[in-house]
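Okay, here's what each chain looks like letter by letter:
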Amino acid sequence: MFKRISTLLGRGRESCFLWGPRQTGKSTLLAALLPGSPRYDLLQSDLFARLSARPALLREELLAGPPGSLPVVIDEVQKVPGLLDEVQWLMVNKQVQFVLCGSSARKLKRGGANLLGGRALRYELFPLVSAEIPGFELLRALNHGLLPRHYLAQDPRRMLDAYVGDYLKEEIAAEALTRNLPAFSRFLEAAALSNGGVVSYTNIAAECGVSAPTVKQYFSILEDTMLGRFVPAWRKRPKRRVVQAPRFYYFDVGLANALLKRSAIAPRSEAFGRAFEHFIYQEIAAHREYSGLRYPVSYWRTTSQLEVDFILGDHQTAVEVKGTEQAAERHLKGLKAFREEYPTRHAIVVSLDPRPRVVEGISILPWAVFLERLWAGKIVS
């Protein structure tokens, strides 16, 4: 139903890792891209048990079969780290290609597993983006989130609650290596309250009843499992005093909704504005990866509260997101101040305006026009 933009661009005949949170559609994408490839799905309990007990079975089985030109797909590879030694041997000695798929590299890193020493490329799969969805509906995306099953659901609330309860509070709590699961659950909700805002480890620690270093560890778990990411502050040669703490966003707006226990998001509400900004960030983060440009994304905020939501590249593009139907002069202040310090190719307000317009060199773009230009390579190149 959805034609994904990610095609493992530039892989050629190289092996690769494909990482992404659960339910983003990794297995479905690989089935579409590599329909004839041999496949090992480590979510199958019998296969998991066999290969966990004896990873060498992978080598023996692949060498017993006919040589093939298609890569071997191993799904949820992090569940059996010992397979990666066999994978490397087959890559080096038999030129077997692999696509190694998983939801977290944390277990591999923590256990000192073989990450193939730079022999495999790295890709990420994100939730759906607007360009992949025929008849895309903004309000549906803001309320349901953009995991494929959630976006399509008539009422995703139970599915979102299950995702939080079964995945985050169990599997990710296990990754935390902590017995203080209530504190970790409180942290997930406190991080949602900070979603899109400047992170204060001290304040979150006080809310959760743990230390600031523990909160930093919890955030690193969310990063390593790709359930959230930081947006650093822009700090290049500042003339004004600027905020230096990072911002944090969960990987999906629907997940943030579930953790915050938001009711239905409607236009003109405060929740709409925050969710709208989160959605635009999701699109930028996915474009950064899928385009192959991997440009830096940061934000700029002064201690006097002048702010630009997203700086793309080396101040090539500055983007302010406003969930308003008519961007006004007050919405341009941050962009004007930023341009006084740093020349930009594009200064953009993304809003609900019905038509594009230009005010003092700043483009005010309806969100759909901005996203069309982003995916067409006209915003960052």
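Up top is the structure these notes are about.
This report concerns the structure included in the present document. (Residues numbered from 1 in each chain as written. Predicted model: local features only at pLDDT ≥ 70, side-chain atom pairs only at ≥ 80, totals over all residues. Heavy atoms only, no water.)

**Some points on the sheet that holds strand S3 (residues 72-75)**
Item 1. In spatial order, the strands read S2-S3-S4-S1-S5; together these five strands make up an open sheet with parallel pairing. What marks the edges here is a single partner per strand, and that holds for strand S2 (39-41) and strand S5 (121-124). Strand-to-strand twist in this sheet, taken as the mean axis angle between neighbours without regard to direction, amounts to 15°.
Item 2. Alignment of strand S1 (residues 16-19) against S5, held across four bridges, turns out to be parallel. Each bridged residue has a counterpart across the sheet, and for leucine 18 the counterpart in S5 is tyrosine 123.
Item 3. The sheet strands contacting helix H3 (residues 56-64) are S2, S3 and strand S4 (98-102), and the helix crosses S2 at an angle near 155°. (Pairing = 2+ DSSP bridges. Helix = DSSP H or I, 4+ residues; strand = E, 2+ residues; numbered from the N terminus. Axes fitted to C-alpha atoms, helices over the stretch in contact; angles between N-to-C directions. Contact = heavy atoms within 4.5 Å.)

**Quick look at the packing of aromatic side chains**
Item 1. What the rule picks out here adds up to 25 aromatic pairs.
Item 2. Each ring, one from phenylalanine 338 and one from tyrosine 342, has its centre 4.8 Å from the other, and the planes form 40°; the classification is tilted.
Item 3. Overall, the relative accessible area of 0% leaves phenylalanine 338 in the buried class.
Item 4. Connected via pairs of aromatic rings, a cluster forms that spans Phe184, Phe187, Tyr201, Tyr218, Phe219, Phe230, Phe248 and Tyr250.
Item 5. Directly above the aromatic system of tyrosine 151 lies the positively charged group of arginine 140, at a separation of 5.6 Å from the ring centroid.
Item 6. The ring centre of tyrosine 299 lies 4.7 Å from the NZ or CZ of arginine 247, which sits over that ring. (Phe/Tyr/Trp six-rings, centres within 6.5 Å; stacked < 30°, edge-to-face > 60°. Buried < 20%, exposed > 50% of the residue type's maximum accessible area, 1.4 Å probe, protein only. Lys NZ or Arg CZ within 6 Å of the ring centre and 35° of its normal.)

**Considering the nonpolar core**
Item 1. Counting 55 residues, the largest nonpolar core has Phe136, Phe276, Phe279, Ile280, Phe310, Leu312 and Phe370 as the members making the most contacts within it.
Item 2. A per-element tally of this core places helix H13 (residues 270-290) first, with ten residues.
Item 3. Once residues within four sequence positions are removed from consideration, phenylalanine 276 is found in contact with Leu138, Leu142, Val321, Lys322, Gly323, Val350, Ser351, Leu352 and Trp367. (Core = buried A, V, L, I, M, F, W, Y, C linked by side-chain atoms within 4.5 Å.)

**Overview of the pattern of salt bridges**
Item 1. Applying the stated criterion across every chain, the model contains 21 salt bridges.
Item 2. Between arginine 247 and glutamate 277 there is a salt bridge; the shortest N-O distance is 3.7 Å. Residue arginine 247 is located in strand S7 (residues 247-250), and its partner glutamate 277 is located in helix H13; the two are separated by 30 residues in the primary sequence.
Item 3. With its nearest N and O atoms 3.5 Å apart, the salt bridge here joins aspartate 309 to arginine 247. One end of the pair, aspartate 309, is in strand S9 (residues 307-312); the other, arginine 247, is in strand S7, and 62 residues separate them in sequence. Here aspartate 309 matches arginine 247 in class, with each residue buried.
Item 4. In the salt-bridge network here, residues are joined through shared partners; they are Arg247, Glu277, Glu307 and Asp309. (Salt bridge = Lys/Arg side-chain N within 4 Å of Asp/Glu carboxyl O.)

**Observations regarding the sheet that holds strand S13 (residues 362-366)**
Item 1. Taken in spatial order, the six strands make up an open sheet running S8-S9-S10-S11-S13-S12, and their pairing is mixed. For this open sheet the edge positions go to strand S8 (297-301) and strand S12 (357-359), each flanked by a neighbour on one side alone. On average, adjacent strands in this sheet sit at an angle of 30° to one another, irrespective of strand direction.
Item 2. In terms of strand pairing, S9 meets strand S10 (residues 317-321) through three bridges, oriented antiparallel. For isoleucine 311, the partnering residue across the bridge sits in S10 and is alanine 318.
Item 3. Relative to the sheet, H13 contacts S8, S9, S10 and strand S11 (346-351), its axis offset from that of S9 by approximately 15°.
Item 4. Strands in contact with helix H15 (residues 367-375) are S10, S11 and S13; relative to S13, the strand with the most contacts, it is inclined by about 105°.

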